[in-house]
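The lines below spell out each chain.
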Amino acid sequence: MADGVTGAGAFWATESERLLEQLKTTPQGLSSAEAARRLAMAPRLTSHKHSALELLIDQFKSPIIILLFISAVLSFTLLDDATNGFIIMIILILSGLLGFYQEMSAANAVAKLLGMIETKATAIRDGKEAEVSLNDIVKGDIVSLRAGDLIPGDCRLLTARDVFVNEAALTGESFPAEKSISVLPENVALSQRTNTAHLGTHVISGFATAVVAATGPDTEFGKISARLEHKAPETGFERGIRQFGQLLIKVVIVITVLAFAVKVGLQDKPVVEQLTLALALAVGMTPQLLPAITSVVLAAGAKSMSKHQVIIKQLLSIENLGSMTILCSDKTGTLTEGVIQLHDTLDVGGTASERVHRLAYLNAFFQSGFENPIDRSLCDSKKFDTTGVTKLDEIPYDFIRKRLSVRVQQNGEKLLITKGALANVLECCTRAETTGGLRDLDSLREDIDRQLKEISVHGLRVLGLAVRTIVTPHVTKADEHDMTFVGFLVFADPPKADAKQTIAELRDLGVSLKVITGDNRAVAASISQRVGITSPTIVTGTDLRNMSDQAVTQRALEADIFAEIEPNQKERIILALKRTGQVVGYLGDGINDASALHAADVGISVASAVDVAREAAQVVLLKHDLSVLVQGVREGRRTFSNTLKYVFFAIAANFGYMFSLAVAGLFLPFDPLLAHQILLVNLLADFPAMALATDSVDPEQIQRPRRWDTGFITRFMMSFGFASSMFDFMTFGAMWYAFSALRTTESPEAFEMLFQTGWFVESTLTGLMILMVIRTQRPFFLSRPGRLFLFAEISIALVTVLIPFTPLADKLGFVTPPAMLLVIALGITVLYGIGMEVVKRLFYRYLAS
């Protein structure tokens, strides 16, 4: 009872009045002050979010970094080389702090974005309903639950009306569980607790009030979370990073172990000194800032996408958004305006009817389920006087019946009014109301079907309306029979003016749109043709029911429109498309979209969606518009492209540079660079590499979907790495012969320091040059870099040239370079740029695919 409230125990087995006493609450809810007091004391579910301290420690967890720290300590103690040890430690700490700052900034930026789409629950506070953050719900809160709501804690239902809850996340049961308020035995199993609703589940239909009996780790979901470590499925981006890491580890181990073994075993060099050098070599080859770079690039992309009304909930989903090849979506709000307008109310004969309009208005006005565009349009189209009309009962809408019934009393008559999908309304009718009186429904079937087709070809949606006089005290779903069909409700949702252009833009980006809708094929075809989907291939829900999974897989790829689709068929379509190797996105905002959002490679919802859809999505659009998503796709590809730039740099420059050091070290009588000098080169290169997060991207790099390809990366490493090494060996040769007099007669030690100075300048400058070359597939001088990146490149180049002239040079083991050495370094850097351009041209022509 950390929050000062006695535990409710088996709250499903306690009378509701007694339970409210135990929880120190009332049906009128808590006061805001009391809720705040309980929240301050309430335990929370353990968050997987890293604290600032944990994030800082993570920067130094690498075994290689730890070994380098140990070697620095050994330099202080055993080797009596305090300067070298101090420099190594300073460089390692600076690298770690740089990574920490960037990752922390990225995490804070993402947290601010997620705050824009916070999920809320409806709780009674201070005696009235209020929207409260899901994280601020406490024990004793009285909450209202409606279709689409997420359950904010483990709750005991106080009132319930046709409530069905999806508990698959908790119990594994795929069918929704029906709920009631009856008291149950204490030993009843979790899956049979019909009077409870648990955290992690959501309401499918109906409405209820409930008292929250447990929150956080005290919930059933919290207990499971404490025992299990939940891990989301690995994305293509994560898999690529992992495979890239495994590749580098193999290369690093081979080169460093070989270099260490030769130096110690054959050349009889000091073990600790060579261990330090080998570890520095490993650090140079290991892109230890890759996690930080990835976080920064993805967070920068997420921030940029938010300016285009796209909120990224899971950073790694950006890669999937950029590599998406198929987008599945309903037509409402994407191809159409998404503002449902009542077009007409017709009697059975197809004539405009005021009576049909009024009955439909009463149904929409008195229903108390989830708010929806259909009922909103009925209530807004015309206001009818409801004086003398009393609501008696209601049968909420659900996705199986596809209809909603309201029982009212007017002028002493008790009338059940039912509206819903035309076919579902007709199936509970036996007669129809015509101008000539009541007629048997079967005799009018052909006329009704004809009218439906005539209306649908204009892209209009048709619902049915039926009534029945009923005198029983309460109504249930079983009472929806023997009804009288009274007419049609016709709704319009016109195509968006820019829908045709938006679909064309998606197609140009390599993304094909597939429409999944519950509307009949005539409506779907009409709208689709008006937005540029000419001669669409249409597959209906009935077709899918008669197909095997193999047939669905083939047919799904061919289809443009899926019409008359049942909610449970959406997920089947998504999975079928994924089996063909496509990267599938799904845009949904309804209660029945959650499973499809989970199944898709990238689930996309909108800010106005029901809670369960918004929570299931990885990407949330602040505006229900495909044009917003087009910008999101472009930004996703831009982000992915900038991430790959760092990877290319790490494998091209680092591999070639470290390979050259390892090979040269085997033949030179001294080390080409000392350990701290290698680390310094690595640190300087990190600054422009970090700036890649905001680098500009050529238009052709975002024109087609791109996916992580380890084979491509391996070929890139071999091509550019070995080519880079050729220029390194040119540098070695040029310095070896240009300063031969110093090497052979004057001072071998001075030549060693001069060589290391020249190699430091040349290797850093060529590293900056390769960054400029590999960031684009164009000749680098024809691609404009980002301002921050260009500034970092120029700044680090100047710092590199100036370091040997500063007081730090002596501490770092450098000497003031003669003009000839700088000419050699700059000349080879220019030749290196030209050479790498040639390699790049040949690689993309012959080896890229």
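Look a little higher up for the structure.
Residues numbered from 1 in each chain as written. Predicted model: local features only at pLDDT ≥ 70, side-chain atom pairs only at ≥ 80, totals over all residues. Heavy atoms only, no water.

## Focus: the pattern of salt bridges
Applied cut-off: In what follows, salt bridge is the name for a side-chain nitrogen of Lys or Arg lying within 4 Å of a carboxyl oxygen of Asp or Glu. Secondary structure elements are taken from DSSP: a helix is a run of H or I of four residues or more, a strand is a run of E of two residues or more, and numbering for both begins at the N terminus.
One pass over the structure, following the stated rule, counts 30 salt bridges. Here Lys402 makes a salt bridge to Glu566, at a shortest N to O gap of 3.5 Å. Linking Lys402 in the loop between strand E11 (389-395) and strand E12 (403-410) with Glu566 in the loop between strand E20 (561-563) and helix H20 (567-579), this pair joins segments that are 164 residues apart in sequence.

## Examining the packing of helix H25 (residues 710-738) against helix H27 (residues 748-774)
What counts, and what does not: For helices, the fitted line uses only the C-alpha atoms of the stretch in contact; every axis is such a line through C-alpha atoms, and the angle between N-to-C directions lies from 0 to 180 degrees. A clockwise turn of the near helix away from the far one marks a right-handed crossing, whereas an anticlockwise turn of less than a right angle marks a left-handed crossing. It only takes one pair of heavy atoms within 4.5 Å for two residues to be counted as in contact. Amino acids outside the nonpolar list (Ala, Val, Leu, Ile, Met, Phe, Trp, Tyr, Cys, Pro) and the charged list (Asp, Glu, Lys, Arg) are all regarded as polar, and Gly is one of them.
The geometry of H25 relative to H27 is characterised by a closest axis approach of 10 Å and an angle of 150 degrees between their N-to-C directions. In this structure, the crossing between H25 and H27 has a hand that is right-handed. Contact with H25, carried on its side by Phe716, Phe720, Phe727, Asp728, Thr731, Phe732, Met735 and Trp736, involves Phe751, Phe755, Gly758, Trp759, Glu762, Ile770 and Ile774 of H27 and no other residues of that element. The residue inventory of the contact of H25 with H27, partitioned by class, reads 11 nonpolar, 2 polar and 2 charged.

## Looking at helix H19 (residues 549-558)
Under the convention used in this document: Note on classification: 1.4 Å probe, protein chains only; a residue is buried when its accessible area is under 20% of the maximum for its type, exposed when over 50%, partly exposed between these limits. Taking the helix axis as origin, the arc is that swept by the directions to the C-beta atoms.
Residues of H19 that are buried include every one of Val552, Thr553 and Ala556, and no others. For H19, the buried positions fall inside an angular range of 105 degrees around the axis, keeping them on one side. Exposed side chains of H19 directed beyond 90 degrees from the buried face belong to Gln550 and Gln554. The inward-facing, buried residues of H19 contact strand E18 (512-516), helix H18 (541-545), E20 and H20.

## Overview of helix H12 (residues 354-366)
Heads up, the condition is: A helix is expected to reach a length of 1.5 Å times the quantity of its residues less one. Contacts described as polar in this section are N or O atom pairs within 3.5 Å, which, within protein, must combine one atom able to donate a hydrogen with one able to accept it, while residues neighboring in sequence count only if both atoms come from side chains.
Taking 1.5 Å of rise per residue, the 13 residues of H12 would be expected to cover 18 Å, and the 18 Å separating its terminal C-alpha atoms lies within 8% of that figure. Among the residues making up H12, those that are buried are Val356, His357, Leu359, Ala360, Tyr361, Leu362, Asn363, Ala364 and Phe366. Measuring from the side-chain oxygen of the N-cap residue of H12 to the backbone nitrogen of Arg355 gives 3.4 Å; that N-cap residue is Ser353.

## Notes on the side chain of Gln569
Relative to the elements of secondary structure, Gln569 occurs in helix H20. What makes Gln569 buried here is its relative accessible area of 7%. Look past the residues within four positions of Gln569 in its chain and what remains in contact with it is Gly541, Leu544, Arg545 and Glu564.

## Points about the packing of aromatic side chains
Applicable threshold: Side-chain rings of Phe, Tyr and Trp (the six-membered ring for Trp) are treated as a pair once their centres are within 6.5 Å; stacked means planes under 30 degrees apart, edge-to-face means over 60, and tilted covers the remaining angles. By definition here, charges over rings are those cases where NZ of Lys or CZ of Arg is within 6 Å of the ring centre and within 35 degrees of the ring normal.
Applying the stated criterion across every chain, the model contains 23 aromatic pairs. Between the aromatic rings of Phe365 and Phe366, the centroid separation amounts to 5.0 Å while the plane-to-plane angle is 90 degrees, which identifies the pairing as edge-to-face. Residue class for Phe366 comes out buried when judged on its relative accessible area of 14%. Taken together, a centroid distance of 4.4 Å and an interplanar angle of 15 degrees make the contact between Phe648 and Phe716 stacked. Taken as a pair, Phe648 in helix H23 (residues 626-667) and Phe716 in helix H25 lie far apart in primary sequence, 68 residues in all. Phe648 sits in the buried class, given a relative accessible area of 3%. Put simply, the rings of Phe648, Phe712, Phe716, Phe720, Phe843 and Tyr844 touch in pairs and so form one group of aromatic residues. It is Arg193 that lies over the ring of Trp12; its NZ or CZ is 3.6 Å from the centre.

## Focus on the pairing of strand E15 (residues 437-440)
For clarity, the cut-off: Note on pairing: two strands pair once DSSP finds at least 2 bridges between them.
Pairing between strand E14 (residues 429-434) and E15: 4 bridges, direction antiparallel. Note on E15: the bridge partner recorded for Ala432 is Arg439. As consecutive antiparallel partners, E14 and E15 are separated by 2 residues.

## Digging into the packing of helix H24 (residues 675-690) against helix H28 (residues 787-802)
Selection rule: Each angle is binned into one of four classes, with values under 35 degrees roughly parallel, values over 145 roughly antiparallel, values of 65 to 115 roughly perpendicular, and all other values oblique.
Relative orientation of the contacting elements H24 and H28 amounts to 160 degrees, with a least axis distance of 8 Å. Put simply, H24 runs roughly antiparallel to H28. Once H24 is placed against H28, the crossing between them reads as right-handed. Side by side, H24 and H28 meet where Leu684, Phe687 and Pro688 of the first sit next to Phe789, Ala792, Glu793, Ile796, Val799 and Thr800 of the second. Taken together, the residues that form the contact of H24 with H28 break down as 7 nonpolar, 1 polar and 1 charged.

Scope: geometric values only; no functional claims are made or implied.
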